[in-house]
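Each chain, letter by letter, is given below.
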Amino acid sequence: MDQHILYDEVLVNSGKTALTLSADGILQWYDHGNVLQRLSVEREVLGVSVVGQQIVIRSFVETEAGGFCFGSSRRSLVRKNFVFEPLSEDSRRNLCEKIQAYVDSLGRPKKLFIFVNPFGGRKSASKVFTDDVKPILEDANIEYTLQETKHQLHAKEVSHTLDLTKYDGIICVSGDGILVEVVNGLLEREDWQAALKMAIGVIPAGTGNGMIKSLLDSVGQPCTPAYAMLAAIRGHKRSLDVATIWQGETKFFSVLMLAWGLIADVDIESEQYRWMGSARMDFYGLQRILRLRKYNGCISFVPAPGFEDVGEPTTLGIESMKPLTPQQHGYHGPKVNLETSNWRKFNGPFISIWLHNVPWGAENTMAAPNAKFDDGYLDLIIMRECPKLALLSLLSEMSNGDYVKSPHVLYIKVKAVVLEPGSRTSDSTKEGIIDSDGEVLARGNGVYKSHLKSLMVYDKLQVVVDQGLATLFTPI
């Protein structure tokens, strides 16, 4: 008895049984078939309520059948209600208060601000919210404010001015794009240091979903809205590195990746085949390999410990590094002394350069298997020379990250980068695309939609990562 927070007799399907809640949060009782039932309040219970004479415990129970996500086991979460009838009103009140008090002690969010992007990716976010998010919020007694994004950068604008004192977290029902906007909005606030402690959750409803895939896969969970919602509701948090990309006075904060060359070309130019769905990447990737482009250019970098001898020594990075112009308000960029750092470099031509902050670039692309959320480094993947047949094989190995083991791939960790992109080796009048977090950062001459204005010009840019700057809801 003394190890129980709660011990009382209840009726379950007209049969009498003892309902107990242990100090470590395990609810236990026998069902009508005299089978012992157990629920972990921390892992499985969403909420508790009184309905007439009964207590209803709303839960999320994992089953072995159901949803499937690339690279994960076949598991799913099912919403399930457990109904108990206490023998007296005092018993009912006591049971409800004790169980609710335990739930409250877990530090879960009580009010969330939710962005829904109805236009992104598969245009499924509104349905995901209605079918998968809203019922769980109701089961968990979580209040929320809903904001549908109306245009690009809307989420950034809202995050920049949002009264964060009213909320315990921000949820993005979308792909990675809204998360990126929210982080950029928070970093430009006057109270950016306090704002970045606000946890952000992502519910997969886009084409990429690299961040939530990385979070859920880190604990072996499938990449579904249900598992993502459970991670947000449980309220566990972890820090996330943020990279500052700048060129002159223009800056962009990246949480996922930066790409130049083959990966960026496939990511952005395949948009013309969006009607093909996710198959557009494979289809256009094959086209780009068969008619492979190589790019002139140079990349200078500060290697992480263990990679100090990679590349050639250079002072180019130090000379090229221009200080970030301080803003009146907001985050001023990483405070690291790069002048005394050990700069190294590679000259082109390059097939592809990829900087990654987390393991997964999309649900089916493990870009950087050794990436960590908050190690203070970016994973740099470089391809300079690779036969076309070998390149085709490498693309097929991106689903599990094995491609980085190829002798044609250089895979290291870095603290800072200066990228100097050049023209295609086959045609000096044509340049390339620089892509960050799924959006075009810069378009060179003669590229797809080169008439469109981008945030930066196709020229030298700088990247430095800051450790653990942002905060995410996480499954662990």
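The rules behind these values
Residues numbered from 1 in each chain as written. Predicted model: local features only at pLDDT ≥ 70, side-chain atom pairs only at ≥ 80, totals over all residues. Heavy atoms only, no water. Helix = DSSP H or I, 4+ residues; strand = E, 2+ residues; numbered from the N terminus. Buried < 20%, exposed > 50% of the residue type's maximum accessible area, 1.4 Å probe, protein only. Contact = heavy atoms within 4.5 Å. Polar contact = N/O pair within 3.5 Å; in protein donor to acceptor, adjacent residues only side chain to side chain. Phe/Tyr/Trp six-rings, centres within 6.5 Å; stacked < 30°, edge-to-face > 60°. Lys NZ or Arg CZ within 6 Å of the ring centre and 35° of its normal. pLDDT = per-residue confidence, 0-100. Pairing = 2+ DSSP bridges. Axes fitted to C-alpha atoms, helices over the stretch in contact; angles between N-to-C directions. Left-handed = near helix turned anticlockwise from the far one by under 90°. Nonpolar A, V, L, I, M, F, W, Y, C, P; charged D, E, K, R; others polar. Salt bridge = Lys/Arg side-chain N within 4 Å of Asp/Glu carboxyl O. Disulfide = S-S within 2.5 Å. Patch = residues over 30% accessible without salt bridge, like charges linked within 9 Å, V, L, I, M, F, W, Y side chains within 5 Å. Areas by Shrake-Rupley, 256 points an atom, 1.4 Å probe, with all protein chains shown as cover. Expected span 1.5 Å × (residues − 1).

### So, unusual backbone geometry
1) Next: A cis amide bond, omega 5°, links Gly 348 with the succeeding residue Pro 349.
2) Next: Tracing the backbone shows Pro 349 in the loop between β17 (344-347) and β18 (352-356).
3) Next: Notably, Ser 14 is not glycine yet its phi reads approximately 75°, a positive angle.
4) Next: Within the fold, Ser 14 resides in the loop between β1 (4-12) and β2 (15-22).
5) Next: The phi angle at Asn 141 is positive, at roughly 55°, despite the residue not being glycine.
6) Next: Look at Asn 141 and you get partly exposed, because its relative accessible area is 46%.

### Quick notes on the environment of Glu 148
1) Next: On the secondary structure map, Glu 148 appears in strand β9 (residues 143-148).
2) Next: Once the C-alpha coordinates of Glu 148 and Phe 119 are considered, the two residues, 29 residues apart in sequence, prove to be 9.6 Å apart.
3) Next: Ignoring anything within four residues of it in the chain, the contact list for Glu 148 reads Val 116, Pro 118, Ser 126 and His 154.
4) Next: Separated by 3.5 Å, the side chains of Glu 148 and Ser 126 make a polar contact.

### A few points about the side chain of Glu 42
1) Next: Along the chain, the position of Glu 42 falls in helix α1 (residues 41-44).
2) Next: A polar contact of 2.6 Å, which involves the side chain of Glu 42, links it to the side chain of Arg 234.
3) Next: Ignoring sequence-local partners within four residues, the contact set of Glu 42 consists of Leu 106, Arg 108, Arg 234 and His 236.

### Brief notes about the packing of aromatic side chains
1) Next: Within this structure, the stated rule accounts for 13 aromatic pairs.
2) Next: Measuring from centroid to centroid gives 5.4 Å for Phe 113 and Tyr 167, while their planes differ by 80°, and the two rings are edge-to-face. Taken together, the residues span a long stretch of sequence, with Phe 113 in strand β8 (residues 111-116) and Tyr 167 in the loop between α4 (154-161) and β10 (169-174) at a distance of 54 residues.
3) Next: Arranged with centres 5.1 Å apart and planes meeting at 75°, the rings of Tyr 273 and Phe 283 form a pair that is edge-to-face. Of this pair, Tyr 273 sits in the loop between α9 (262-269) and α10 (279-290) while Phe 283 sits in helix α10, and the two are 10 residues apart along the sequence.
4) Next: Taken together through their ring pairs, the aromatic side chains of Trp 29, Phe 82 and Phe 84 make up a single cluster.
5) Next: Lying over the aromatic face of Tyr 377, Lys 415 brings its terminal NZ or CZ to 5.9 Å of the ring centre.

### Describing the confidence of the model for the chain
1) Next: Looking at the chain, the pLDDT average stands at 91 and 94% of residues meet or exceed 70.
2) Next: Below pLDDT 50 for its whole length, residues 66-72 participates in 20 contacts with residues either more than four positions away or in separate chains.

### Digging into the sheet that holds strand β7 (residues 76-86)
1) Next: Taken together, 7 strands build an open sheet; the order of strands is β4-β3-β2-β1-β7-β6-β5 and the sheet is antiparallel. Edge positions in the open sheet fall to β4 (36-40) and β5 (45-51), since each of these has one partner strand only. In this sheet, neighbouring strand axes are inclined to one another by 30° on average, regardless of whether the strands run parallel or antiparallel.
2) Next: As judged from the 2 bridges shared by β1 and β7, these two strands associate in the antiparallel manner. Residue pairing across strands places Val 10 opposite Pro 86, the latter belonging to β7.

### A few points about the packing of α4 against helix α5 (residues 176-187)
1) Next: Where α4 meets α5, the closest approach of the two axes is 7 Å, and the angle between their N-to-C directions is 35°. In this structure, α4 crosses over α5, and the sense of that crossing is right-handed. Contact with α4, carried on its side by His 154, Ala 155, Lys 156, Ser 159 and His 160, involves Ile 178, Glu 181, Val 182, Asn 184, Gly 185 and Leu 186 of α5 and no other residues of that element.
2) Next: Considered class by class, the residues forming the contact of α4 with α5 number 4 nonpolar, 5 polar and 2 charged.

### So, the pattern of salt bridges
Working definition: two side chains of opposite charge can pair if their charged atoms are close together.
1) Next: One pass over the structure, following the stated rule, counts 15 salt bridges.
2) Next: The residue Glu 42 makes a salt bridge to Arg 234 at a minimum N-O spacing of 2.6 Å. Of this pair, Glu 42 sits in helix α1 while Arg 234 is found in helix α8 (residues 225-234), placing the two residues 192 residues apart along the sequence. In terms of burial, Glu 42 and Arg 234 fall into one category: buried.
3) Next: Taken together, the shared-partner salt bridges in this structure form one network comprising Arg 58, Arg 79 and Asp 139.

### Side note on the pairing of strand β14 (residues 257-261)
Here is the key point about a regular strand: its side chains alternate between the two faces of the sheet.
1) Next: Counting buried residues along β14, 5 of its 5 residues qualify, which places the element largely inside the surrounding structure.
2) Next: Pairing analysis gives 5 bridges linking β14 to β18, with the strands arranged antiparallel. Residue Met 257 lies in a different strand from β18, and its bridge partner there is His 356.

### Describing the environment of Tyr 458
1) Next: Relative to the assigned elements, Tyr 458 resides in the loop between β24 (439-443) and β25 (461-473).
2) Next: Take Tyr 458: its relative accessible area is 10%, and that puts it in the buried class.
3) Next: Sequence separation between Tyr 458 and Ser 341 is 117 residues; the distance between their C-alpha atoms is 26 Å.
4) Next: Residues in contact with Tyr 458, not counting those within four places in the same chain, are Trp 260, Tyr 295, Pro 421, Gly 422, Glu 431, Gly 432, Ile 433, Ile 434, Ala 442, Arg 443 and Gly 444.
5) Next: In this structure the side chain of Tyr 458 is engaged in a polar contact, spanning 2.9 Å, whose partner is the side chain of Trp 260.
6) Next: For Tyr 458, the side chain forms a polar contact with the main-chain oxygen of Gly 422, separated by 2.7 Å.

### Points about the state of the cysteines
1) Next: Here the structure, examined in full by the defined rule, presents 0 disulfides.
2) Next: Free cysteine Cys 172: the closest other cysteine sulfur is in Cys 223, separated by 14 Å.
3) Next: Residue Cys 223 is classed as buried on the basis of its relative accessible area of 7%.

### Re a nonpolar patch on the surface
1) Next: A cluster of nonpolar side chains, Leu 286, Leu 290, Leu 389 and Leu 392, forms an exposed patch at the surface whose accessible area comes to about 390 Å².
2) Next: When contributions to the nonpolar patch are tallied by element, the ones reaching two or more residues are α10 and α12 (388-396).
3) Next: With respect to the secondary-structure elements, Leu 286 resides in helix α10.

### Here we look at α10
Owing to its 3.6 residues per turn, the α-helix aligns residues three or four sequence positions apart on the same side.
1) Next: If you check α10, its first and last C-alpha atoms are 17 Å apart, about what 12 residues at 1.5 Å a residue would give, namely 16 Å.
2) Next: Where the residues of α10 are buried, they touch α9 and α12.

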